[in-house]
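For reference, the chains in residue letters:
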Amino acid sequence: MTDHLPALREWIERTRDGVADTNARYPFLAYGTDWLAFAHLVIAAAFWGPIKDPVRNVWVIRWAVLACAGVIPLALVCGPLRGIPLYWRFIDMSFGIVGVLPLLVVLRLLRPLERPAGTTALAG
C-alpha cells in the first residue's frame, strides 16, 4: 500500500518520529493528551442529560451540532498553520460531517416532542 501512497507513508513516518522525539525530549507534553482524554469523557457525560430527558436537554444536542460545525474552520485555518497535509485535514473535517448526521436526526425526532401539548404543526 505504501508503494501506491508514498505521501501517506512519509506522513506516518514523520508523525511516528515526531511522537518518539517529543516523548524522549519532552515527556511532560503527554500530560496534555491525558487532559484531552478527560475532556472527551466530560463531553460524553454531558449526553447523559439528553438520554434521560431529551426535550429538556435538547440544548446539548444543539451545542454538539455547533461543535461539529466548528471542526471544519478549525481544520481549514489551523491545519495549514501546523503543516498538516490537505488530505489529513479532509479526514479531520469528515469527523464533523459524520458526527453531525446522527445529531440532525435526533433534532428532527425531537421537534414533535418540543411542541406544546394541544398544538399542531402548520401545513405548508
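First, a word on what this report is: a plain description of the structure on this page.

Definitions and limits used
Here, residues in each chain are numbered from 1, in the same order as that chain's written sequence. Confidence filtering applies because this is a predicted model: local features only for residues at pLDDT of at least 70, side-chain atom pairs given and counted only at 80 or more, and all residues used for totals across whole chains, interfaces and linings. Just so you know, side-chain values use all the structure's heavy atoms and leave hydrogens and water out. Here, a salt bridge means any side-chain nitrogen of Lys or Arg that lies within 4 Å of a carboxyl oxygen of Asp or Glu. Numbering of helices and strands starts at the N terminus; helices are DSSP runs of H or I of at least 4 residues and strands are runs of E of at least 2. Each residue's exposure class comes from its accessible area (1.4 Å probe, protein chains only) as a fraction of the maximum for that residue type: buried when under 20%, exposed when over 50%, partly exposed otherwise. For every element, the axis is a line fit to its C-alpha atoms; helices are fit only across the contacting stretch, and the angle between N-to-C directions ranges from 0 to 180 degrees. Just so you know how the angles are binned, under 35 degrees is roughly parallel, over 145 roughly antiparallel, 65 to 115 roughly perpendicular, and the rest oblique. By definition, any crossing whose near helix is turned counterclockwise from its far helix by less than a right angle is left-handed, and any crossing with a clockwise turn is right-handed. Two residues form a contact once any of their heavy atoms are found within 4.5 Å. Only protein atoms enter the 1 Å grid, on which a cavity is a set of points fitting a 1.4 Å probe that cannot get out and a pocket is an open set with protein on both sides within 12 Å along at least 5 of 7 lines, lining residues being those with an atom within 4 Å of a point. Grid points are joined across faces, edges and corners, and a volume is the space filled by probe spheres set on the points. When residues are sorted by character, Ala, Val, Leu, Ile, Met, Phe, Trp, Tyr, Cys and Pro go into the nonpolar class, Asp, Glu, Lys and Arg into the charged class, and all the rest, Gly among them, into the polar class. Counting rule for disulfides: a pair of cysteine sulfur atoms within 2.5 Å. Note on terminology: a nonpolar core comprises buried Ala, Val, Leu, Ile, Met, Phe, Trp, Tyr and Cys residues joined through side-chain atoms within 4.5 Å.

Some words on the pattern of salt bridges
Tallied over the full model, the rule gives four salt bridges. Of the charged contacts, one joins Glu13 and Arg9 as a salt bridge, the two residues approaching to 3.1 Å between their closest N and O atoms. With Glu13 and Arg9 both in helix H1 (residues 6-25), this residue pair falls four residues apart, about one helical turn. Take Glu13: its relative accessible area is 30%, and that puts it in the partly exposed class. Across the pair Arg16 and Asp17 runs a salt bridge whose closest N-O atoms are separated by 3.0 Å. With relative accessibility at 53%, the residue Arg16 sits in the exposed group.

A short note on the packing of helix H4 (residues 58-81) against helix H5 (residues 86-114)
Between H4 and H5, whose axes approach to 8 Å, the crossing angle comes to 160°. In this view, H4 runs roughly antiparallel relative to H5, as classed from their interaxial angle. The handedness of the crossing between H4 and H5 comes out as left-handed.

Notes on the environment of Val65
Secondary-structure assignment places Val65 in helix H4. Judged by its relative accessible area of 18%, Val65 falls in the buried class. Taking the C-alpha atoms as reference, Val65 lies 14 Å from Ala44; in sequence the two are 21 residues apart. Non-local contacts of Val65, meaning those with residues more than four positions away in its chain, are made with Val100, Leu103, Leu104 and Leu107.

With respect to the layout of surface pockets
What the largest pocket holds in volume is close to 280 Å³. As for the largest pocket, its lining consists of Leu36, Ala39, His40, Ile43, Phe47, Trp63, Ala64, Ala67 and Cys68. Secondary structure elements with two or more residues in the lining of the largest pocket: helix H2 (30-46) and H4. In terms of residue class, the lining of the largest pocket is made up of eight nonpolar, one polar and no charged. There is about 170 Å³ of room inside the second largest pocket. Along its surface, the second largest pocket is lined by Val71, Leu74, Ala75, Cys78, Gly79, Ile84, Trp88, Arg89 and Asp92. Looking at the lining of the second largest pocket, the elements with two or more residues in it are H4 and H5.

Considering the state of the cysteines
The full count for this structure, using the stated rule, is zero disulfides. Note on Cys68: no disulfide assigned, nearest cysteine sulfur contributed by Cys78 at a separation of 17 Å. With a relative accessible area of 14%, Cys68 lands in the buried category.

A word on the nonpolar core
Core analysis: the biggest nonpolar cluster contains nine residues, these being Val58, Ile61, Ala64, Val65, Cys68, Val100, Leu103, Leu107 and Leu110. Among the secondary structure elements, those contributing two or more residues to this core are H4 and H5. Of all the elements, H4 adds the most residues to this core, at five residues. Residue contacts for Cys68: discarding those within four places in its chain leaves Gly96, Gly99, Val100 and Leu103.

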